[in-house]
Amino acid sequence: MTNDPDYFEQAETKRKATEYISAIELYKKALKVYKKKADLQGVLDCLIALGDTLRAKGDFAKARAYYEEGQELAELLDDKTSAADAEVGLGLSLRALGLWKDALNKISSASRLYRSLHDEKGIAFALWARAGTYRIKGDPVKAVDDYQRAYDIFKTLRDRSGIAYSYCGLGGSSRVACRFKDSEKYYKRANSMFEKLGDRFGLAYSYCGLGNASRMKEDYKNALVHFKKAEKLYRKIGDRVSYAYTLWSVGTTYKMLGKYKEAVERVL
């Protein structure tokens, strides 16, 4: 990685702090510099980082474009790890755009590449990504199985962030499978870990999950408390898609309480 200038490292710092808008601006500046200097590895790193950050922010179509460009460049440079990273990111973007069949193909392809490289963290990430795709597909049993397999690898690697996100995945899939106590248990574990890690996106994710778990248990008071915390964090992060989903969840909770006016205000 080229060290001059340091736009990329500044962007990395901003992204870790979930300051996505600032991170994206810095990555774009770094991308221009790397292109001007014909630093192809720097260009590749920026393309994938932009895809990751835009995806986290909910801009899936833009993320898709950067991943596709990154995948082409990775193949040109014969950088198999980056090619796999771009492909799994592309799969996650396609999944979010509703193209779950294409997403499964991309994620499975990335998984095979990670396995050929003996990249355990990559294998776990691909399992986590595939699990979420199975959940969207409507197959919570396969989703839980893959999330558990991802969790087992992340635990062996002592990757606390991977463990926490696996807990969130298990929490969501358990809810879909009508295992509401398990859902709440996993989200509580994730929330505690994200608090220690200082991961604001993870905290928002787990608070929204806890809200939905409480809602399914008809504990509407606590559901609204958790959703409020998630709303606040998503607003700060700038993730419009997750924020919108949280508002939908709040509206659904008010509907269950018979407060239809409040429900309509939240979803419109």
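Everything below is about the structure printed above this text.
Everything quoted here is computed from the prediction, not taken from an experiment.

**Student:** I'm lost on the overall build of the protein in this one. Help?
**Tutor:** When helices and strands are tallied, the protein shows 14 helices and 0 strands. Element order for the protein, N to C, with α for helix and β for strand: α-α-α-α-α-α-α-α-α-α-α-α-α-α. What you see for the protein is a C-alpha radius of gyration of 19 Å, in line with the 18 Å of a compact globule of 268 residues. Here the protein holds 268 residues, and 51% of them are scored as buried. Taking contacts inside the protein between residues at least 6 apart in sequence as the whole, the part at least 24 apart equals 53%. Split by element, the accessible area of the protein, about 13400 Å² in all, is 51% carbon and sulfur. Where the 49 positive side-chain charges of the protein centre and where its 36 negative ones centre are 7 Å apart.

**Student:** What is the right way to look at the pattern of salt bridges in this model?
**Tutor:** When charged atoms on two side chains of opposite charge get close, those side chains can pair. Overall, the coordinates contain 16 salt bridges when judged by the stated rule. Across the salt bridge formed by Glu68 and Arg64, the nearest N and O atoms sit 3.2 Å from each other. Placement of the pair is Glu68 and Arg64 together in helix H4 (residues 60–77), with a separation of 4 residues, close to one helical turn. For Arg64, a relative accessible area of 30% puts it in the partly exposed group. Salt-bridge contacts for Glu231 lead to Arg266; the nearest nitrogen and oxygen are separated by 2.8 Å. Here Glu231 is found in helix H12 (residues 220–237), whereas its partner Arg266 is found in helix H14 (residues 260–267), with 35 residues between them in sequence.

**Student:** Help me out: how do you make sense of the nonpolar core in this one?
**Tutor:** Core analysis: the biggest nonpolar cluster contains 51 residues, and Tyr114, Trp128, Tyr167, Phe194, Phe201 and Tyr205 have the highest contact counts within it. Broken down by element, the residue count for this core peaks at 8 residues, all from helix H7 (residues 120–137). With near-sequence residues (within four places) excluded, Phe201 lies in contact with Thr18, Tyr20, Ala56, Tyr165, Tyr234, Ile237, Asp239 and Ser242. The next biggest cluster of nonpolar side chains, apart from the first, holds 27 residues, and it includes Leu31, Leu47, Ala63 and Ala86.

**Student:** How do you make sense of the packing of aromatic side chains when you look at a structure like this?
**Tutor:** Two aromatic rings, taken as a pair, are described by how far apart their centres are and by the angle between their planes. Scanning the entire structure with this criterion turns up 10 aromatic pairs. Relative to Tyr165, the ring of Trp128 has its centre 6.3 Å away and its plane inclined at 85°; by these criteria the two rings are edge-to-face. A residue pair is termed long-range when its members are at least 10 positions apart, and Trp128 in helix H7 and Tyr165 in helix H9 (residues 160–176) qualify at 37 residues. Judged by relative accessible area, Trp128 falls into the buried class, the value being 13%. Seen in terms of ring centroids, Tyr245 and Trp248 are 5.8 Å apart; in terms of plane orientation they differ by 15°. Their pairing is stacked.

**Student:** Explanation requested: H9 in the structure shown.
**Tutor:** In an α-helix, one turn spans 3.6 residues, which is why side chains three or four residues apart end up on the same side. Look at H9: 25 Å from first C-alpha to last across 17 residues, which is about the 24 Å you get at 1.5 Å a residue. In terms of burial, H9 is largely enclosed, as 14 of its 17 residues are buried. Two or three places before Ser161, at the start of H9, stands the capping residue Asp159, its side-chain oxygen 3.2 Å from that residue's backbone nitrogen. Positive phi shows up at Cys178, right after H9, with a value of about 65°.

**Student:** How do you make sense of the packing of H7 against helix H8 (residues 140–157) when you look at a structure like this?
**Tutor:** Helices that pack against each other are described as a pair by the angle of their axes relative to one another and the distance between those axes. Viewed as axis vectors pointing N to C, H7 and H8 meet at an angle of 160°, and their least axial separation amounts to 8 Å. On the basis of the axis angle, H7 is roughly antiparallel to H8. The crossing of H7 and H8 is left-handed. From H7, Glu120, Lys121, Ile123, Ala124, Phe125, Leu127, Trp128, Arg130, Ala131, Gly132, Tyr134 and Arg135 reach across to H8, where they touch Lys142, Ala143, Asp146, Tyr147, Arg149, Ala150, Ile153, Phe154 and Leu157. Its residues placed into classes, the contact of H7 with H8 shows 13 nonpolar, 1 polar and 7 charged.

**Student:** Would you explain helix H11 (residues 200–216) in this entry?
**Tutor:** When the terminal C-alpha atoms of H11 are compared, their 24 Å separation across 17 residues agrees well with the 24 Å that a helix rising 1.5 Å per residue should span. Among the 17 residues that make up H11, 15 are buried, leaving the element largely enclosed by the rest of the structure. Measuring from the side-chain oxygen of the N-cap residue of H11 to the backbone nitrogen of Phe201 gives 3.1 Å; that N-cap residue is Asp199. Backbone geometry just downstream of H11 places Glu218 in the positive-phi region, at approximately 65°.

**Student:** Is there a simple way to explain a nonpolar patch on the surface in this structure?
**Tutor:** A contiguous nonpolar surface patch, about 530 Å² in accessible area, is contributed by Tyr245, Trp248, Val264, Val267 and Leu268. Those elements giving two or more residues to the nonpolar patch turn out to be helix H13 (240–256) and H14. The residue Tyr245 is located in helix H13 in this model.

Rules of the game
- Residues numbered from 1 in each chain as written.
- Predicted model: local features only at pLDDT ≥ 70, side-chain atom pairs only at ≥ 80, totals over all residues.
- Heavy atoms only, no water.
- Helix = DSSP H or I, 4+ residues; strand = E, 2+ residues; numbered from the N terminus.
- Rg over C-alpha atoms; globule rule 2.2 N^0.38 Å.
- Buried < 20%, exposed > 50% of the residue type's maximum accessible area, 1.4 Å probe, protein only.
- Contact = heavy atoms within 4.5 Å.
- Areas by Shrake-Rupley, 256 points an atom, 1.4 Å probe, with all protein chains shown as cover.
- Lys, Arg positive; Asp, Glu negative; His and termini not counted.
- Charge placed at Lys NZ, Arg CZ, Asp CG, Glu CD.
- Salt bridge = Lys/Arg side-chain N within 4 Å of Asp/Glu carboxyl O.
- Core = buried A, V, L, I, M, F, W, Y, C linked by side-chain atoms within 4.5 Å.
- Phe/Tyr/Trp six-rings, centres within 6.5 Å; stacked < 30°, edge-to-face > 60°.
- Expected span 1.5 Å × (residues − 1).
- Polar contact = N/O pair within 3.5 Å; in protein donor to acceptor, adjacent residues only side chain to side chain.
- Axes fitted to C-alpha atoms, helices over the stretch in contact; angles between N-to-C directions.
- Parallel < 35°, antiparallel > 145°, perpendicular 65-115°, else oblique.
- Left-handed = near helix turned anticlockwise from the far one by under 90°.
- Nonpolar A, V, L, I, M, F, W, Y, C, P; charged D, E, K, R; others polar.
- Patch = residues over 30% accessible without salt bridge, like charges linked within 9 Å, V, L, I, M, F, W, Y side chains within 5 Å.

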